[in-house]
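# An overview of the molecular structure
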Amino acid sequence: MNLRRTLETRLSRALSDAGADGPALVAPAGKPEFGDYQANGCMAAAKRAGGNPRQLAERVVAAADVADLAEPLEVAGPGFINITLRRDFLQQHLGEALSDERLAVPPAEAPQTVVVDYSGPNLAKEMHVGHLRSTIIGDALVRVSEFLGHNVIRQNHVGDWGTQFGMLTAYMDARDDDAGDGGHRIADMEAFYQAAKRRFDTDEAFADAARRSVVKLQGGDEHALSVWRDVVDQSLRHAQEVYDRLGVTLQREHVRGESAYNDDLPRVVADLDAAGLLSESQGAQCVFLDGFTNADGEPLPVIVRKSDGGYLYATTDLGALRYRARHLHADRILYVTDSRQALHFQQVFAVARAAGFVPEHVLLEHVPFGMMLGANRQPFRTRDGGTVKLTDLLDEAVRRARALVDEKNPNLDAPARDAVAEAVGIGAVKYADLCQNRTSDYVFAWDKLLSLEGNTAPYLQYAYARVRSIFRKGGGPEQIAADDEHRAAEIVLSEQAERTLAVTLVRLPETLETVARESMPNLLCAYLYGLAGAFMAFYETCPVLKADAAVRASRLGLCDLTARTLATGLDLLGIETLERM
Ligand code: ARG
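First things first, this report covers the structure right here in the doc. (Residues numbered from 1 in each chain as written. Predicted model: local features only at pLDDT ≥ 70, side-chain atom pairs only at ≥ 80, totals over all residues. Heavy atoms only, no water.)

## A short note on the overall build of the protein
Within the protein, the regular secondary structure consists of 21 helices and 13 strands. Taken along the three principal axes of its C-alpha coordinates, the protein extends 85 × 70 × 40 Å. For the protein, the residues scored as buried account for 51% of the 581 residues in total. For the protein, the share of sequence-separated contacts (at least 6 apart) that also reach a separation of at least 24 residues comes to 72%. (Helix = DSSP H or I, 4+ residues; strand = E, 2+ residues; numbered from the N terminus. Buried < 20%, exposed > 50% of the residue type's maximum accessible area, 1.4 Å probe, protein only. Contact = heavy atoms within 4.5 Å.)

Structure follows, in structure tokens:
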């Protein structure tokens, strides 16, 4: 059950029964003395209805139908309602979660088709840190939505078209001539791009060939296209290696790059024209819409076709938007890109709406994020100011994690230490990013993200391994068999620390729903961090293995729920857990 939503629904109903309208605004309580949740909506509702908020709150309390979930409600201060959950409700709910694969997380009541556009690297180059945030934030959102039962369609809108591809295909061609048949593999995408660029800048004849290549590509020349396909294919293979290593669920079939919309672009422009939206400005085809002005207050156009006939990033996005609405039947489309593209998406969405490219009900959402900064608070770069390749960043993460494991756990054998280092290193990099409010910039600091204390992946991975170790001690060498037994256990909450842990555990469903609705993976991170803390406090005050049989079974049940909630949450963030660290 999604407890917060259930309370919200029931108290909002009570509010209207009490003669006022509006949301009950149920939220986790700010302080323990206010109970577990509080409803804050009475003040605003009373103001709208012109009454006394405290009296309204009293009427809401009298009308509310929540006796199965909560102790008698209490009115506090100017009109807050404090809600304390009943112990038997908590016990029963956790008992259900214990025997349920999904930990009692209900599937969405109205499942949507959600298209998530993420990663989208420009293919000519090697994947670098600039691609990290979109890739891992997008993947976490996809996993959470899928877990909640939505029909999720991943779209990797890669940059696989444009003038730089003329340069690359011309370079590939020239290289083939030099190297004979064997010259076709690109070992290092970045080096290949740099070499092509150098030749383009210094060799006039080559620059001409590159420009001719662009024209040939656009004209559909078979040879040019086949070389282009080869370059794209090799870049995608490189990107796939990075996705696999990162534990990102994107596959080749999710790639639908800019080039896929080429043929549709003349039609996009013609349809904008037919809708009466097109005007010409300095030879370019533009759409002017109300509400978009530049810094000087002059109307700001969306250019859809340049004076030389070329199409733009925005034109392609209009084609993509229409495809997603009409062919993928999206109810909701998320675009996970950095915040500098905010205006681009506002414009594209507005043009698409004005032109009727998307049905009214389809939600279009830009999911923006800030920058990854170095210790100097400048964009994260190598020591000599170059872009940091993702492969190098991940290698360093794993190297550092390995040094940490060597130090902390020298008894593990080498292959086990390698596995821990890979999971911890990659997990730490991803978590450091996901735990931030995505809209702000954040400083990437190795020491902080690999720390075993604080809101980090290693801390949570360690908390998980520690809970699991209880089961090893508990059941002897053939520990895991015990799992089934206590999944049928009755949960009995007697100590305060047990209750606090229980209240945290029942908040998993509402947390996941909020993460999906607001596209905020950091809320899941904060939840897991809080859960690990609640577990540690419980484990310090409540003996588990030494307790009497019934208490022991109940507490093992709480341990099991904690472990599975941590593992599920980390998995939804795309982070691995380990049985031993
Ligand atoms: N290739 C773009 C970039 O590197 C990101 C693509 C985002 N998706 C989109 N539909 N425009 O900035």
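And the narrative resumes.
## Quick look at the pattern of salt bridges
The final tally for this structure, using the stated rule, is 33 salt bridges. A salt bridge links Asp395 to Arg245; the shortest N-O distance between them is 2.8 Å. Separated by 150 residues along the polypeptide, Asp395 in helix H13 (residues 390-408) and Arg245 in helix H9 (residues 222-246) bring together distant segments of the chain. On the accessibility criterion, Asp395 (33% relative accessible area) is partly exposed. Between Arg555 and Glu498 there is a salt bridge whose closest N-O contact spans 2.9 Å. Here Arg555 is found in helix H21 (residues 549-572), whereas its partner Glu498 is found in helix H18 (residues 496-505), with 57 residues between them in sequence. For the pair formed by Arg555 and Glu498, the shared burial category is buried. Linked through salt bridges whose partners overlap, the residues forming this network are Arg5, Glu109, Glu513, Arg517 and Glu518. (Salt bridge = Lys/Arg side-chain N within 4 Å of Asp/Glu carboxyl O.)

## Quick look at helix H2 (residues 42-49)
Within H2, burial applies to Cys42, Ala45 and Ala46. For H2, the angular spread of the buried residues around the axis is 100°, confining them to a single face. Opposite the buried face of H2, by more than 90 degrees, sit the exposed residues Lys47 and Arg48. Those residues of H2 that are buried are in contact with helix H1 (3-17), helix H3 (53-63) and strand E4 (80-83). Directly after H2, the chain includes Gly50, whose backbone phi takes a positive value near 75°. (Arc of directions from axis to C-beta.)

## Describing helix H8 (residues 204-218)
The first and last C-alpha atoms of H8 sit 22 Å apart over 15 residues, in line with the 21 Å expected at 1.5 Å per residue. For H8, every residue scored as buried is listed here: Phe206, Ala207, Ala210, Ser213, Val214 and Leu217. One side of H8 holds all its buried residues, which, seen down the axis, span an arc of 110°. Across from the buried face of H8, at angles greater than 90 degrees, the exposed residues are Glu204, Ala205 and Val215. You can read the cap of H8 off the contacts: a side-chain oxygen lies 3.1 Å from the backbone nitrogen of Ala205, and it is on Asp203. Among the residues trailing H8, Gly220 stands out with phi positive, at a value near 80°. (Expected span 1.5 Å × (residues − 1). Polar contact = N/O pair within 3.5 Å; in protein donor to acceptor, adjacent residues only side chain to side chain.)

## As for the side chain of Gln347
On the secondary structure map, Gln347 appears in helix H12 (residues 342-355). Sequence-distant contacts of Gln347, that is, excluding residues within four places in its chain, are made with Phe292, Leu300, Pro301 and Val302.

## Some details on the packing of helix H5 (residues 132-147) against helix H14 (residues 414-434)
At a closest axis distance of 10 Å, the pairing of H5 and H14 adopts a crossing angle of 85°. It follows from the interaxial angle that H5 and H14 lie roughly perpendicular. Residues Leu132, Arg133, Ile136, Ile137 and Ala140 of H5 lie in contact with H14, whose contacting residues are Val429, Lys430, Asp433 and Leu434. Grouping the amino acids of the contact of H5 with H14 by side-chain chemistry returns 6 nonpolar, no polar and 3 charged. (Axes fitted to C-alpha atoms, helices over the stretch in contact; angles between N-to-C directions. Parallel < 35°, antiparallel > 145°, perpendicular 65-115°, else oblique. Nonpolar A, V, L, I, M, F, W, Y, C, P; charged D, E, K, R; others polar.)

## Re the site of the ligand
Around the ligand sit Asp117, Gly120, Asn122, His157, Tyr313, Asp317, Tyr335, Thr337, Gln341 and Phe345, and that is every residue in its neighbourhood. With respect to the ligand, the side chain of Tyr313 contributes an N or O atom lying 2.7 Å from a nitrogen atom. The protein chains hide 86% of the 350 Å² of surface that the ligand would expose on its own. Counting atoms within 2 Å of the grid points, the majority share of the ligand lands in the largest pocket. Breaking the shell around the ligand down by element, the ones donating at least two residues are helix H11 (313-326) and strand E10 (332-338). For the shell around the ligand, the class distribution of residues is 3 nonpolar, 5 polar and 2 charged. (Near = heavy atom within 4 Å. Areas by Shrake-Rupley, 256 points an atom, 1.4 Å probe, with all protein chains shown as cover. 1 Å grid on protein atoms, 1.4 Å probe; cavity = no way out; pocket = protein on both sides within 12 Å on 5 of 7 lines; lining within 4 Å. Sits in = over half its atoms within 2 Å of the grid points.)

## Regarding the state of the cysteines
Counted according to the given criterion, the structure contains 0 disulfides. Of all cysteine sulfurs, the one in Cys435 lies closest to Cys525, which takes part in no disulfide; the gap is 5.5 Å. Overall, the relative accessible area of 0% leaves Cys525 in the buried class. (Disulfide = S-S within 2.5 Å.)

## Quick word on the nonpolar core
Residues Leu393 and Leu573 are the most contacted members of the largest nonpolar core, which totals 129 residues. In this structure Leu573 touches Ala140, Lys430, Tyr431, Leu434, Pro521, Leu524, Cys525 and Leu528, once residues within four positions along its chain are discounted. Grouped together as the second largest cluster of nonpolar side chains are 29 residues, Leu318, Leu328, Ala330 and Phe357 included. (Core = buried A, V, L, I, M, F, W, Y, C linked by side-chain atoms within 4.5 Å.)

## Examining the sheet that holds strand E6 (residues 151-155)
Sheets are built from strands paired through backbone hydrogen bonds, the pairs being either parallel or antiparallel. The sheet built from 4 strands is open, its strands ordered E6-E5-E10-E11 with parallel pairing. Every interior strand has two partners, whereas the edge strands, E6 and strand E11 (363-369), have only one. Between one strand and the next, the sheet's axes are offset by a mean angle of 20°, whatever the strand orientation. Across 5 bridges, the pairing between strand E5 (residues 113-117) and E6 is parallel. Counted as the bridge partner of Asp117 is Gln155 from E6. Packed on one face of the sheet, H11 meets E5, E6, E10 and E11 and runs near 150° to E10. (Pairing = 2+ DSSP bridges.)

## Let's talk about the packing of aromatic side chains
Inspection of every chain in the model, using the stated rule, returns 12 aromatic pairs. Considering the side-chain rings of Phe380 and Phe444, the 4.9 Å spacing of their centres and the 65° angle between planes classify their relative orientation as edge-to-face. Highlighted residues: Phe380 in the loop between strand E12 (372-373) and H13 and Phe444 in the loop between strand E13 (442-443) and helix H15 (446-449), separated in sequence by 64 residues. Of the two residues, Phe380 and Phe444, neither departs from the other in class, the shared state being buried. Members of the aromatic cluster, each reached through a chain of ring pairs, are Tyr171, Phe192 and Phe206. The ring centre of Phe147 lies 4.5 Å from the NZ or CZ of Arg102, which sits over that ring. Seen from the ring of Tyr37, Arg507 lies directly overhead, with NZ or CZ sitting 4.5 Å from the centre. (Phe/Tyr/Trp six-rings, centres within 6.5 Å; stacked < 30°, edge-to-face > 60°. Lys NZ or Arg CZ within 6 Å of the ring centre and 35° of its normal.)

## A closer look at the pairing of strand E9 (residues 299-305)
Relative to E9, strand E8 (residues 284-293) is paired through 5 bridges, and the arrangement is antiparallel. What sits directly across from Phe288, in E9, is Pro301. Connecting E8 to the next strand, E9, in antiparallel fashion are 5 residues, including Gly297 with a positive phi near 80°.

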